[in-house]
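Residues per chain, in single letters:
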Number of protein chains: 4
Amino acid sequence: SNPTMLNPRLLRVRSALIRQCMAEFLGTFVLILFGLSAAAQVKTSRETKGQTLSIHLSWAVGVMSATYLTKGISGAHLNPAVSLCFCILGKLRWGQLLPYCVSQIFGAYVGAALVYALYYDAIMEFSGGVLTVYGPSETASIFATYPTEYLPLGGGFLDQVVGTGTLLLCILSLTEKRNAPAPPDLIAPIVAGVVLGIIMSMSANCGAALNPARDLGPRLLTLTAGWGTEVFTSFNYWFWVPIVAPIIGALTGTSLYLIFIEWQLPDEPQESHPEIFSISPSIKQSVALWEKEEEPKSTCF
Amino acid sequence: SNPTMLNPRLLRVRSALIRQCMAEFLGTFVLILFGLSAAAQVKTSRETKGQTLSIHLSWAVGVMSATYLTKGISGAHLNPAVSLCFCILGKLRWGQLLPYCVSQIFGAYVGAALVYALYYDAIMEFSGGVLTVYGPSETASIFATYPTEYLPLGGGFLDQVVGTGTLLLCILSLTEKRNAPAPPDLIAPIVAGVVLGIIMSMSANCGAALNPARDLGPRLLTLTAGWGTEVFTSFNYWFWVPIVAPIIGALTGTSLYLIFIEWQLPDEPQESHPEIFSISPSIKQSVALWEKEEEPKSTCF
Amino acid sequence: SNPTMLNPRLLRVRSALIRQCMAEFLGTFVLILFGLSAAAQVKTSRETKGQTLSIHLSWAVGVMSATYLTKGISGAHLNPAVSLCFCILGKLRWGQLLPYCVSQIFGAYVGAALVYALYYDAIMEFSGGVLTVYGPSETASIFATYPTEYLPLGGGFLDQVVGTGTLLLCILSLTEKRNAPAPPDLIAPIVAGVVLGIIMSMSANCGAALNPARDLGPRLLTLTAGWGTEVFTSFNYWFWVPIVAPIIGALTGTSLYLIFIEWQLPDEPQESHPEIFSISPSIKQSVALWEKEEEPKSTCF
Amino acid sequence: SNPTMLNPRLLRVRSALIRQCMAEFLGTFVLILFGLSAAAQVKTSRETKGQTLSIHLSWAVGVMSATYLTKGISGAHLNPAVSLCFCILGKLRWGQLLPYCVSQIFGAYVGAALVYALYYDAIMEFSGGVLTVYGPSETASIFATYPTEYLPLGGGFLDQVVGTGTLLLCILSLTEKRNAPAPPDLIAPIVAGVVLGIIMSMSANCGAALNPARDLGPRLLTLTAGWGTEVFTSFNYWFWVPIVAPIIGALTGTSLYLIFIEWQLPDEPQESHPEIFSISPSIKQSVALWEKEEEPKSTCF
């Protein structure tokens, strides 16, 4: 009936894994597009068209938008550290891990490339045409994260472990029905709020990457786009920290969540579908009476 | 029973199209009223009564308010580029397109006129009574968008394509039931959040019009209100870019959405009404048993 | 079973009107407490502990909190202009209007008195102990609204008409079931967002009172607390504008809403309870079949 | 079926009280981690990587995250003053009060210790290695609250009473079904919004502790980490005010809530489960007819 579209089934990619990788690619692309564009806007306008807070808020909008866009296809991981944790928790098959991670990094690379194109003139104007990692007119920090001068390697590593650990600790509880879950269709903005909080509070040391793909993809873009090998060698080969530490952090946060919360929750009620939108006990009671079943115990909110 | 109102049916305009155009007019009027007033407040107060972020947030509130106001009547397009995409997707008839666009542009013009009246004294005070497009006391940028000095035409065109493309890509997924849709009654604030993110991250180059009506309507107001023909001729006849590029961008974003997401989603379940607020499987099961039908498969969230 | 509380029915005030007035008093008290405290915090700290945006956000939180607190008792008007419009729309009896308004003004007065006590030392420190309406160390504007120097009376009047009109226009649609209503239990934060938008975009001229009680109550407090009669005589007896103009504005906004939206909406479906949380059509269909009734037409979202 | 986890029942701590204390410990830890990290980020970066508003927003995210994390186990008090009020209202047993409070203070201490580790290098850089309570390079205020110079003790005491009173007054109404309750699964962000409003408007005098654990835990950390006994003796032994005054404030706010709202609400409907997600009156009516019961009166929203 709709003449402008072919039968969608013919257009669907056959392999579920490729469909998921396409979604992770697009989701990470969108996430990076929001975050890096805001960083470029604030830096190249010398904070006249935004401030630190607008960068932080844009990352949050990126998380929200990418989650709504891809959750129904790939689960909206958007982050290799999250994918790894979901493998360990049995929510993702191990065979999906590498394709997911590659798609995320590639999406981040392409997102960064678009931001470079979008702000090419502004970056040239701001930097005087010299793309550098150091100094007052550096522009590498628009794309990848770099530590402050005073930060030792151990401090940066701890920072990324704590930041990513906080992220996993806070988002794992949001869907657990035995706890006090968030509305399923508002997970996206609530996770965005958590990410906003972490960036506002834990980005002073080294930029709150929290995500190996978010950091490596754009760093590769700067390598290929003219910033040179310094993007990898600077700050004593800092680049590996936002790749490795978020993974350790994600595992730590997941462990804390399991020990303190997940394992301590009450058993799931025997009733098979205790969903949020289930009908009220009064009607259940009516139906139960009618079916000669026992009246269920009413539980308070 | 209510003596203060006549029978509403007598007051209703007969033509559905005129009712829809009235709604698009009012919605775009409200959108422009919020956005331009905030720009006027920040500029004429020399950032003492607000800052860049409050302009960005006001646009978001405008989107939210205009959407709640008009969604039930006209679908709350508020943007010719959105109307065009909805025609292509088969959600709007082609015959409605031109009336929608004219209403949107006219609503934007009248909204801009009210902002001019509202901030007349402030604009005169700020500009010293000289309404100009260039210089430190220019006030034309309160109304329409202008590029930064360094931006070439191609850069501005790309900017508007990317911004509007991001908008469409991110909002088309919000209502798709086969994906992870937003709550239907919270679409308005979520779309507002997406718009906020785009303005915070993609307005440095040329002001993030994203919407031909939002730009052309207020630009026409400045032409007629004393800024002169420079509002159209300045920056090498820039005015046509925020009219044409958002349309290209909207089509690009829609295409990306179809290719990466829409066509890759699973089939809709056979059940005719798999709605969010459907009753829980347990009661369905009870009813099914009673009707001697087969028990439906329970699906996890 | 709860030994710390008496039977609540014994503690309830007999008169429904007095209960409603108590709620309006408390709600307006809370609204004013948030808004004026934030203004005092920002001014007396010389913007080191907040900025314009935090004042605007605090007003929004005040609206949200006061609405949740009192909606179930008095409807959470918190504003004489809103009460008047609800009388005209038949949602409030005329006999309730004056008691509502007096309670709102009294709540605003007491809220302002508490803010004065709370920030007494800060105000004395900031102002050098001299409470004035004019000059760089004036503190009267923490409490009531005053126009900018350049604003003529007509401009201020128009400003208040437009601001309050926008408020009513935007909130009246939120509960209309035939339109696209907001979730009933999230009306409070959404109205808060609308108020935030109006204050961010329409407070530069004369402070966005939008509410006769919000302005008159605190102005009376400053009169009695030491600022002198200048709070009423200054700016050419400005005080009456934020009392009268919001009422005209509320009526204008309500009229625009009725003409452009309310009267143009489709008829309510014949079904008597088309609520958001109604059960899904599929179960209705089952029940209908069982009751030998006709199957209702399924309507798309 | 999940090989990576043992049977959760084996891992669950036997004592419900210990499980609740673990949850309160973790929740307060998370709350403090967000709030203090943001304060450290803004102060040590000399406001280049955030501003006052981002500290305020981070506290709000901390409240939201900690609430979602622990509400299903311990009720997410996170504050001894809240626990005390809940004891008085009969929602917590008195025997749980001390364990709850100790867990909250200990969680706050450990959270502060992690923030100290996280920002150790930044604090050393900012302070020149001298940890002090006074002066332009003081860093004690990252952790605990201190009054402004001009504030007398009584003013500080009143401030904490009013702030905590406002908190309790505003959050107690959110779950009351006879009033206009917030969505149960969105209580966390709405309470976060209330906390944000209070911090934005009532933190100028003495930092808005609002919570004895939030203040005492981090203050103990600074005592043990090198700031010396001045953290307790400074400002004329200020430290006891944010411990005692929030308790008085919580009791005052609770009393106001009971007098003005709780006791004035209508009786609960006779129906035993008048929940938000109950089915619509139309289906109730059908069932009622079928059960030969009387049709319930439909009530408007």
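Residues numbered from 1 in each chain as written. Chains lettered and ligands numbered in written order. Predicted model: local features only at pLDDT ≥ 70, side-chain atom pairs only at ≥ 80, totals over all residues. Heavy atoms only, no water.

Scanning chain A from N- to C-terminus turns up 12 helices and zero strands. Counting the 301 residues in chain A, one finds 62% classified as buried. A fraction of 75% describes how many contacts in chain A between residues 6 or more apart in sequence connect residues 24 or more apart. When the accessible surface of chain A is totalled, it reaches about 11300 Å², and 63% of it is carbon and sulfur. (Helix = DSSP H or I, 4+ residues; strand = E, 2+ residues; numbered from the N terminus. Buried < 20%, exposed > 50% of the residue type's maximum accessible area, 1.4 Å probe, protein only. Contact = heavy atoms within 4.5 Å. Areas by Shrake-Rupley, 256 points an atom, 1.4 Å probe, with all protein chains shown as cover.)

Leave glycine aside and you will find that most residues have negative phi; peptide bonds, for their part, are mostly trans. Not every positive phi belongs to a glycine, and A:Phe235 is a case in point at roughly 50°. Residues other than glycine seldom take positive phi values, yet D:Tyr237 does so here, at roughly 55°.

Residues and elements named next belong to chain A. As annotated in UniProt, the feature "transmembrane region" (unreviewed entry) corresponds to residues 21-41, 53-70, 97-119, 157-174, 186-210 and 237-260 in the numbering used here. In residues 157-174, helix accounts for 89% and strand for 0%; the two terminal C-alpha atoms are 27 Å from one another. Along residues 186-210 the backbone is 64% helical and 0% strand, and the end-to-end C-alpha distance reaches 22 Å. (UniProt positions renumbered as here; feature names shortened; annotations may be inferred.)

This paragraph deals with empty space enclosed by the protein. In the structure shown here, the tally under the stated rule is six cavities of 30 Å³ or more. The volume enclosed by the largest cavity comes to roughly 1700 Å³. Taken together, 45 residues make up the lining of the largest cavity; nearest its centre are A:Pro189, B:Pro189, C:Pro189, D:Leu57 and D:Pro189. With six residues, helix α8 (residues 187-202) of chain D is the single largest residue contributor to the lining of the largest cavity. Split by residue class, the lining of the largest cavity holds 41 nonpolar, four polar and no charged. (1 Å grid on protein atoms, 1.4 Å probe; cavity = no way out; pocket = protein on both sides within 12 Å on 5 of 7 lines; lining within 4 Å. Points joined across faces, edges and corners; volume = space filled by probe spheres on them. Nonpolar A, V, L, I, M, F, W, Y, C, P; charged D, E, K, R; others polar.)

For the rest of this paragraph, the subject is helix α11 (residues 241-260) of chain D. The terminal C-alpha atoms of α11(D) lie 27 Å apart, and with 20 residues this matches the ideal 28 Å at 1.5 Å per residue to within 8%. Here α11(D) has its buried residues at D:Val241, D:Pro242, D:Ala245, D:Pro246, D:Gly249, D:Ala250, D:Gly253, D:Thr254, D:Tyr257, D:Leu258 and D:Phe260. Contacts from the buried residues of α11(D) go to α2 (16-44) and α3 (52-74) of chain C together with α4 (80-88), α7 (153-172) and α9 (212-227) of chain D. (Expected span 1.5 Å × (residues − 1).)

Once that is clear, we can look at a nonpolar patch on the surface. A contiguous nonpolar surface patch, about 420 Å² in accessible area, is contributed by A:Leu153, A:Tyr237, A:Trp240, A:Val244 and A:Ile248. For A:Leu153, a relative accessible area of 37% corresponds to the partly exposed category. (Patch = residues over 30% accessible without salt bridge, like charges linked within 9 Å, V, L, I, M, F, W, Y side chains within 5 Å. Salt bridge = Lys/Arg side-chain N within 4 Å of Asp/Glu carboxyl O.)

Another aspect to go through is the pattern of salt bridges. In total, this model carries 16 salt bridges over all chains according to the counting rule given. Across the salt bridge formed by D:Arg219 and D:Asp215, the nearest N and O atoms sit 2.6 Å from each other. Taken together, the residues D:Arg219 and D:Asp215, both in helix α9 and four residues apart, mark about one turn of the helix. For the pair shown, D:Arg219 and D:Asp215 are each scored as buried. One continuous salt-bridge network, built from bridges that share partners, spans A:Glu176, A:Arg178 and A:Glu262.

Residues and elements named next belong to chain B. Following the criterion strictly, the structure yields zero disulfides over all chains and no others. In this model Cys 21 remains outside any disulfide bridge; the closest cysteine sulfur is found in Cys 101, 9.7 Å from its own. Looking at Cys 21, the relative accessible area reads 14%, which means it is buried. No disulfide involves Cys 85; its sulfur sits 9.4 Å from that of Cys 87, the nearest cysteine. On the accessibility criterion, Cys 85 (1% relative accessible area) is buried. (Disulfide = S-S within 2.5 Å.)

All names here are of chain A. Where helix α9 (residues 212-227) contacts helix α11 (residues 241-260), the axes come no closer than 8 Å and their chain directions differ by 170°. The pairing of α9 with α11 is recorded here as roughly antiparallel in orientation. Contact with α9, carried on its side by Pro 212, Asp 215, Leu 216 and Arg 219, involves Pro 242, Ile 243, Pro 246 and Ile 247 of α11 and no other residues of that element. A class-by-class count of the residues in the contact of α9 with α11 yields six nonpolar, no polar and two charged. (Axes fitted to C-alpha atoms, helices over the stretch in contact; angles between N-to-C directions. Parallel < 35°, antiparallel > 145°, perpendicular 65-115°, else oblique.)

For the rest of this paragraph, the subject is the environment of A:Ala122. One can find A:Ala122 in helix α6 (residues 120-127). Note on A:Ala122: relative accessible area 1%, which makes it buried. Considered as a pair, A:Ala122 and A:Ser45 are 77 residues apart in the sequence and their alpha carbons are 8.0 Å apart. Setting aside residues no more than four positions away along its own chain, A:Ala122 makes contact with A:Thr44, B:Tyr150 and B:Asn205.

Okay, the packing of α2(C) against α7(D) next. Close contact between α2(C) and α7(D) brings their axes to 12 Å; oriented N to C, the two are set at 130°. With respect to α7(D), the element α2(C) is oriented oblique. Remark: the crossing between α2(C) and α7(D) carries left-handed chirality. Seen from α2(C), the contacting residues are C:Leu26, C:Val30, C:Leu33 and C:Phe34; seen from α7(D), they are D:Val162, D:Thr166, D:Leu169 and D:Cys170. Per-class residue counts for the contact of α2(C) with α7(D) are seven nonpolar, one polar and no charged. (Left-handed = near helix turned anticlockwise from the far one by under 90°.)

A separate point is the packing of aromatic side chains. All names here are of chain B. Throughout the structure, instances matching the rule amount to 44 aromatic pairs over all chains. For the pair Tyr 116 and Tyr 120, a centre-to-centre distance of 5.7 Å together with 80° between the ring planes defines the contact as edge-to-face. When its relative accessible area of 15% is taken as the criterion, Tyr 116 is described as buried. Overall, Tyr 120 belongs to the partly exposed group, its relative accessible area being 38%. Note on Phe 157 and Trp 240: the rings are 5.9 Å apart at their centroids and 45° apart in plane angle, and the pair reads as tilted. Taken together, the positions of Phe 157 in helix α7 (residues 153-172) and Trp 240 in the loop between α10 (230-237) and α11 (241-260) put the pair 83 residues apart, joining distant regions of the chain. (Phe/Tyr/Trp six-rings, centres within 6.5 Å; stacked < 30°, edge-to-face > 60°.)

Residue and element names in this part refer to chain D. By secondary structure assignment, the location of Thr 139 is in the loop between α6 (120-127) and α7. Taking the C-alpha atoms as reference points, Thr 139 and Trp 227, 88 residues apart in sequence, are found 8.8 Å from one another. Discounting chain neighbours no more than four positions away, the residues touching Thr 139 are Lys 43, Ile 123, Phe 126, Ser 127, Leu 131, Thr 132 and Trp 227. In terms of polar contacts, Thr 139 uses its side chain to reach the side chain of Trp 227, at 3.0 Å. (Polar contact = N/O pair within 3.5 Å; in protein donor to acceptor, adjacent residues only side chain to side chain.)

Another point: the side chain of C:Glu176. All names here are of chain C. Secondary-structure assignment places Glu 176 in the loop between α7 (153-172) and α8 (187-202). Among the polar contacts listed, one links the side chain of Glu 176 to the backbone nitrogen of Arg 178, at a separation of 3.1 Å. In this structure Glu 176 touches Pro 181, Tyr 257, Glu 262 and Leu 265, once residues within four positions along its chain are discounted.

A low pLDDT score tells you not to read the predicted coordinates there in detail. Across chain A, the average pLDDT comes to 89, with 86% of residues at or above 70. The model gives residues 271-301 of chain A a pLDDT under 50, and that stretch makes 56 contacts with residues more than four places away or in other chains. (pLDDT = per-residue confidence, 0-100.)

Glancing now at the environment of B:Ile105. Residues and elements named next belong to chain B. Within the secondary structure, Ile 105 sits in helix α5 (residues 94-118). With a relative accessible area of 23%, Ile 105 lands in the partly exposed category. Note: C-alpha distance between Ile 105 and Pro 218 (113 residues apart in sequence) is 8.5 Å. Those residues in contact with Ile 105 that sit more than four places away from it in its chain are Ala 213, Leu 216 and Gly 217.

The next point concerns the side chain of B:Ser74. Residues and elements named next belong to chain B. Note on placement: Ser 74 falls in helix α3 (residues 52-74). For Ser 74, a relative accessible area of 5% gives the class buried. Excluding its chain neighbours within four sequence positions, the residues that come into contact with Ser 74 are Gln 20, Ala 23, Glu 24 and Tyr 100.

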